[in-house]
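# Notes for the structure review
If you want the building blocks of each chain, they are given just below.
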Amino acid sequence: MASQEQSNQNDNTTHFGYKTVDTENKASMVADVFHSVAAQYDVMNDLMSFGIHRLWKRFTIDASGVRPGNKVLDLAGGTGDLTAKFSQIVGKDGQVILADINSSMLNVGRDKLRDRGLVQNIEYVQANAECLPFEDNSFDIITIAFGLRNVTDKDKALRSMYRVLKPGGRLLVLEFSKPEHELLNKAYDFYSFNILPKMGELVAKDGDSYQYLAESIRMHPDQETLESMMKNAGFEQTTYKNLTGGIVALHKGYKF
Ligand SMILES: C[S@@+](CC[C@H](N)C(=O)[O-])C[C@H]1O[C@@H](n2cnc3c(N)ncnc32)[C@H](O)[C@@H]1O
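Residues numbered from 1 in each chain as written. Predicted model: local features only at pLDDT ≥ 70, side-chain atom pairs only at ≥ 80, totals over all residues. Heavy atoms only, no water.

Under an unreviewed UniProt entry, the protein has the name Ubiquinone/menaquinone biosynthesis C-methyltransferase UbiE and belongs to Thalassotalea loyana. For the record of the protein, the UniProt heading Function (unreviewed entry) holds the text "Methyltransferase required for the conversion of demethylmenaquinol (DMKH2) to menaquinol (MKH2) and the conversion of 2-polyprenyl-6-methoxy-1,4-benzoquinol (DDMQH2) to 2-polyprenyl-3-methyl-6-methoxy-1,4-benzoquinol (DMQH2)." (UniProt positions renumbered as here; feature names shortened; annotations may be inferred.)

Listed below in structure tokens is the structure:
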């Protein structure tokens, strides 16, 4: 996968799911997907994962070691599931920034969190993970959950995250990954390519976006490749933990 990413970058093309597209066009194609799914995003997440995404996110919060007073960046934070939990833990002396490139996702997230009364320590910022508009050494914790897969230049984004982390801070990347066992892989493939797009068509009236979801997961770097990308960006003490048999993995790395 690493060599494929590399060769794609060399000829100014990249992948959008299984399609090869001009690098400069990918961000707007991803934007179209998330403008289209934003309103149904939370319902679809619960349906598609049978609610298990809530456990993956809970695990991420616990693994982050977040404390009252911390400053947290929930990058590609979308509708704000992680932000909501972080906001309650960091308290009035802390701060959570929910950053996302997509205005529709940010608006759904802002409305949801405000309806829950979560207002005092959350800021909303429209930003591209590849060039974060924050000062060096700003955050104790950065999370990017199911977001890195969609970013055009993942190496650039990882370097940008490294820059804005404080020394001693940590990055947590929660992302779909490669199932550990062949049998699980086959069942998961069947589910992703035969059932998911139909569910997307029925509930969100948008089968294409869920076809992209399935394809983008298969094109994403596997556990070992992502860990070496994090190391290349400067992260130290990198580890990962497979969740649900490797369907998802949580990667962690520190800046010292
Ligand atoms: C699958 S959603 C994940 C949302 C949320 N983190 C969650 O776990 O429910 C992916 C999010 O990544 C955002 N995204 C895609 N490319 C991005 C980029 N280059 N910079 C920042 N956010 C991006 C999308 O707009 C979308 O909201």
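Past the structure itself, the notes keep going.
### Focus on the overall build of the protein
In terms of helices and strands, the protein carries 10 helices and nine strands. By the compact-globule yardstick of 18 Å for 256 residues, the protein fits well, its C-alpha radius of gyration being 17 Å. The principal-axis extent of the C-alpha atoms belonging to the protein is close to 45 × 40 × 35 Å. For the protein, the proportion of its 256 residues judged to be buried stands at 55%. Counted over contacts in the protein with a minimum sequence separation of 6, partners at least 24 positions apart contribute 71%. Accessible area for the protein stands at about 11600 Å²; split by element, carbon and sulfur atoms hold 51% of it. (Helix = DSSP H or I, 4+ residues; strand = E, 2+ residues; numbered from the N terminus. Rg over C-alpha atoms; globule rule 2.2 N^0.38 Å. Buried < 20%, exposed > 50% of the residue type's maximum accessible area, 1.4 Å probe, protein only. Contact = heavy atoms within 4.5 Å. Areas by Shrake-Rupley, 256 points an atom, 1.4 Å probe, with all protein chains shown as cover.)

### Comments concerning the side chain of serine 87
Tracing the backbone shows serine 87 in helix H5 (residues 81-90). Judged by relative accessible area, serine 87 falls into the buried class, the value being 5%. Contact partners of serine 87, with chain neighbours within four places excluded, come to Val96, Leu118, Asn121 and Ile122.

### Details of helix H7 (residues 154-164)
Along H7, the positions that sit buried rather than exposed are Lys154, Ala157, Leu158, Ser160, Met161, Tyr162 and Val164. Measuring from the side-chain oxygen of the N-cap residue of H7 to the backbone nitrogen of aspartate 155 gives 3.3 Å; that N-cap residue is aspartate 153. (Polar contact = N/O pair within 3.5 Å; in protein donor to acceptor, adjacent residues only side chain to side chain.)

### Describing the nonpolar core
Counting residues in each nonpolar core, the largest one holds 38 residues, and the members touching the most others are Met48, Trp56, Phe86, Leu174, Phe176, Tyr210 and Val248. Those residues within four positions of phenylalanine 86 in sequence are excluded, and the remaining contacts are Ile61, Ser64, Val66, Val72, Val96, Ile141 and Thr143. In terms of nonpolar packing, the next biggest core, distinct from the first, is built from 27 residues, Leu132, Leu171, Ala233 and Phe235 among them. (Core = buried A, V, L, I, M, F, W, Y, C linked by side-chain atoms within 4.5 Å.)

### What to know about the UniProt feature "binding site: S-adenosyl-L-methionine" (unreviewed entry) in the protein
Cross-referencing UniProt, the feature "binding site: S-adenosyl-L-methionine" (unreviewed entry) maps to Thr79, Asp100, Asn128 and Ala129 in the present numbering. We classify threonine 79 as buried; its relative accessible area is 2%. Among residues more than four places away in sequence, those in contact with threonine 79 are Tyr41, Asp42, Met105, Val108, Gly109 and Lys112. Only 2.7 Å separates the side chain of threonine 79 from the side chain of aspartate 42, close enough to count as a polar contact.

### Considerations on the site of the ligand
Among the 20 residues in the neighbourhood of the ligand, the closest are listed as Tyr41, Ala76, Asp100, Ala129 and Ala145. Within the side chain of asparagine 128, an N or O atom sits 2.9 Å from a nitrogen atom of the ligand. Among the secondary structure elements, those contributing two or more residues to the shell around the ligand are helix H2 (23-37) and helix H3 (41-49). Along the lines of polarity and charge, the residues of the shell around the ligand split into 11 nonpolar, seven polar and two charged. (Near = heavy atom within 4 Å. Nonpolar A, V, L, I, M, F, W, Y, C, P; charged D, E, K, R; others polar.)

### Remarks on the pairing of strand S6 (residues 139-145)
The buried fraction of S6 amounts to seven of the seven residues, a majority that puts the element mostly inside the structure. Across four bridges, the pairing between strand S3 (residues 71-75) and S6 is parallel. What sits directly across from aspartate 74, in S6, is threonine 143. Pairing of S6 with strand S7 (residues 165-176) involves six bridges; the strand directions are parallel. Paired with isoleucine 141 across the bridge in S7 is arginine 170. With respect to chirality, the unit in which S6 leads through H7 into the neighbouring parallel S7 is right-handed. (Pairing = 2+ DSSP bridges. Right-handed = clockwise from strand over helix to strand, strands pointing away.)

### A look at the pattern of salt bridges
All told, the structure shown has 12 salt bridges when counted by the stated rule. The residue aspartate 93 makes a salt bridge to lysine 92 at a minimum N-O spacing of 3.9 Å. A single burial state applies to aspartate 93 and to lysine 92, both of which are exposed. Among the ionic pairs, lysine 186 bridges to glutamate 182, the shortest N-O distance being 3.9 Å. Here lysine 186 pairs with glutamate 182, and both are found in helix H8 (residues 182-204), just four residues apart, close to one helical turn. Assigned by exposure class, lysine 186 and glutamate 182 land together as exposed. Each member of the salt-bridge network shares a partner with another, and the members are Asp42, Lys57, Asp81 and Lys112. (Salt bridge = Lys/Arg side-chain N within 4 Å of Asp/Glu carboxyl O.)

### Section: the confidence of the model for the protein
Here the protein averages 93 in pLDDT, and 96% of its residues register 70 or above. The model gives residues 1-7 a pLDDT under 50, and that stretch makes 10 contacts with residues more than four places away or in other chains. (pLDDT = per-residue confidence, 0-100.)

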